[in-house]
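# Structural features, examined
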Amino acid sequence: MSRLDSMPACSDPETFEPSPALRRPRRCLGAVYHKDPKAVEQFLSNVQTDGSTGYYSVALALKASGITEISQAKGKRLGYADPDSTSGYLIPKVTLPAAIGGEDPEKYFVTSFNGGHENNVLALLDGKVDVAVTWASGVGEFSEGYTSGNVRSMVDKGMLDMEDVVQVWQSPLIPNGPLVMRSSLPQEMKDKIVAFYK
């Protein structure tokens with residue numbers, strides 16, 4: 001039995017349907033990589049227009065609120081996107097303490113989940129939260145919603161006017177999830193996979 005055989009299945013080997021045990025691709029990659037870092041190799045990742053290979057979790061507040069930095073929102077309502085979201089919950093949960101004096105975000109703010117990134121920003125615009133966490137490329141102009149991410153998507157759809165909001169926090173860079181393949185594949189197959197994505 002190979003080391004890969006003892007890992008959680010990322011997909012059914014017959015149908016390639018995602019395994020219910022692993023809802024997110026990053027968890028799948030993480031499970032494989034944790035067991036054997038040489039079992040998979042990265043061959044593609046998104047690159048931003050400035051060459052960076054990641055994105056950011058950002059926190060927005062309404063300009064009219066007077067909140068200009070996250071530390072000013074103590075005791076206020078902080079909206080998370082989704083408990084399974086990297087940029088909408090996990091990264092803020094771990095990195096926000098540095099911006100709020102080392103305190104636990106769950107005690108510093110009154111927190112809620114709002115059903116995804118778009119819904120979380122809508123909750124901010126509707127006054128249901130005072131600060132909303134979402135994601136953005138961090139590249140380009142804030143006034144345009146950056147070059148990509150939920151903020152830009154909402155601007156493009158006419159759902160968000162950047163004149164109404166301010167960014168009050170930004171996480172460290174979050175690496176984009178890569179596309180990977182089994183290291184044990186024949187080189188000819190690897191070459192075909194890479195060629196398909198070019």
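Since this is a predicted model, take the numbers as computed values, not measurements.

When helices and strands are tallied, the protein shows six helices and eight strands. The N-to-C order of helical and strand elements in the protein reads α-β-β-β-α-α-β-α-β-α-β-β-β-α. Counting over 198 residues, the protein shows a buried share of 36%. A fraction of 70% describes how many contacts in the protein between residues 6 or more apart in sequence connect residues 24 or more apart. For the protein, the computed accessible surface area is about 11300 Å², with 53% contributed by carbon and sulfur atoms.

Here the focus is the environment of Leu 185. Inspection of the secondary structure puts Leu 185 in the loop between β8 (179-182) and α6 (187-197). Residue Leu 185 is classed as partly exposed on the basis of its relative accessible area, which comes to 26%. Separated by 145 residues in sequence, Leu 185 and Val 40 place their C-alpha atoms 9.5 Å apart. With residues near it in sequence (within four places) discarded, Leu 185 still touches Lys 190 and Ile 193.

Attention now moves to the nonpolar core. Grouped together as the largest cluster of nonpolar side chains are 17 residues, with contacts concentrated most on Ala 59, Ile 70, Leu 78, Phe 109, Val 131 and Val 168. Going through the elements one at a time, β2 (54-62), β3 (77-80), β5 (131-136) and β6 (165-170) are the ones with two or more residues in this core. Counting residues per element, this core draws most heavily on β6, which supplies three residues. Excluding anything up to four places from it in sequence, Leu 78 contacts Leu 96, Phe 109, Val 110, Thr 111, Ser 112, Val 129, Val 131 and Val 133. Val 129, Val 151, Met 154 and Val 165 belong to the second largest nonpolar core, which has 15 residues in total.

What is expected of a backbone is that most residues other than glycine have negative phi and most peptide bonds are trans. Even without being a glycine, Tyr 146 presents a positive backbone phi close to 65 degrees. With respect to the helices and strands, Tyr 146 occurs in the loop between β5 and α5 (150-156).

Among the residues of helix α2 (residues 86-95), Ser 87, Gly 88, Tyr 89 and Pro 92 are the ones counted as buried. The buried residues of α2 occupy an angular sector of 170 degrees when projected down its axis, which confines them to one face. Where α2 begins, one side-chain oxygen reaches toward the backbone nitrogen of Gly 88, 2.8 Å away; that side chain belongs to Ser 85.

For the structure shown, the criterion picks out nine salt bridges. Note that Arg 77 and Asp 130 form a salt bridge whose closest N and O atoms lie 3.1 Å from each other. Of this pair, Arg 77 sits in strand β3 while Asp 130 is found in the loop between α4 (117-125) and β5, placing the two residues 53 residues apart along the sequence. What makes Arg 77 partly exposed here is its relative accessible area of 33%. One salt bridge connects Lys 192 with Glu 188, and the closest N-O pair in it is separated by 3.6 Å. Taken together, the positions of Lys 192 and Glu 188, both in helix α6 and four residues apart, correspond to about one turn of that helix. Pair check on accessibility: Lys 192 and Glu 188 agree, each one exposed. Connected via shared salt-bridge partners are Lys 93, Asp 104 and Glu 106.

With that out of the way, let us pick up the confidence of the model for the protein. Per-residue confidence for the protein averages 84 on the pLDDT scale, and 83% of its residues sit at or above 70. Confidence over residues 1-26 falls short of pLDDT 50; this stretch has 35 contacts with residues more than four positions distant or in other chains.

Right, let's talk about a nonpolar patch on the surface for a bit. On the surface, Leu 44, Leu 179, Phe 196 and Tyr 197 cluster together into a nonpolar patch covering about 410 Å² of accessible area. Mapping Leu 44 onto the fold places it in strand β1 (residues 40-44). Since its relative accessible area comes to 34%, Leu 44 is described here as partly exposed.

So, about the side chain of Thr 134. Considering the arrangement of structural elements, one finds Thr 134 in strand β5. Looking at Thr 134, its side chain comes within polar contact range of the side chain of His 117, at 3.1 Å. Among the polar contacts made by the side chain of Thr 134, one reaches the side chain of Asn 150 at a distance of 2.9 Å.

Cut-offs used in this document
Residues numbered from 1 in each chain as written. Predicted model: local features only at pLDDT ≥ 70, side-chain atom pairs only at ≥ 80, totals over all residues. Heavy atoms only, no water. Helix = DSSP H or I, 4+ residues; strand = E, 2+ residues; numbered from the N terminus. Buried < 20%, exposed > 50% of the residue type's maximum accessible area, 1.4 Å probe, protein only. Contact = heavy atoms within 4.5 Å. Areas by Shrake-Rupley, 256 points an atom, 1.4 Å probe, with all protein chains shown as cover. Core = buried A, V, L, I, M, F, W, Y, C linked by side-chain atoms within 4.5 Å. Arc of directions from axis to C-beta. Polar contact = N/O pair within 3.5 Å; in protein donor to acceptor, adjacent residues only side chain to side chain. Salt bridge = Lys/Arg side-chain N within 4 Å of Asp/Glu carboxyl O. pLDDT = per-residue confidence, 0-100. Patch = residues over 30% accessible without salt bridge, like charges linked within 9 Å, V, L, I, M, F, W, Y side chains within 5 Å.

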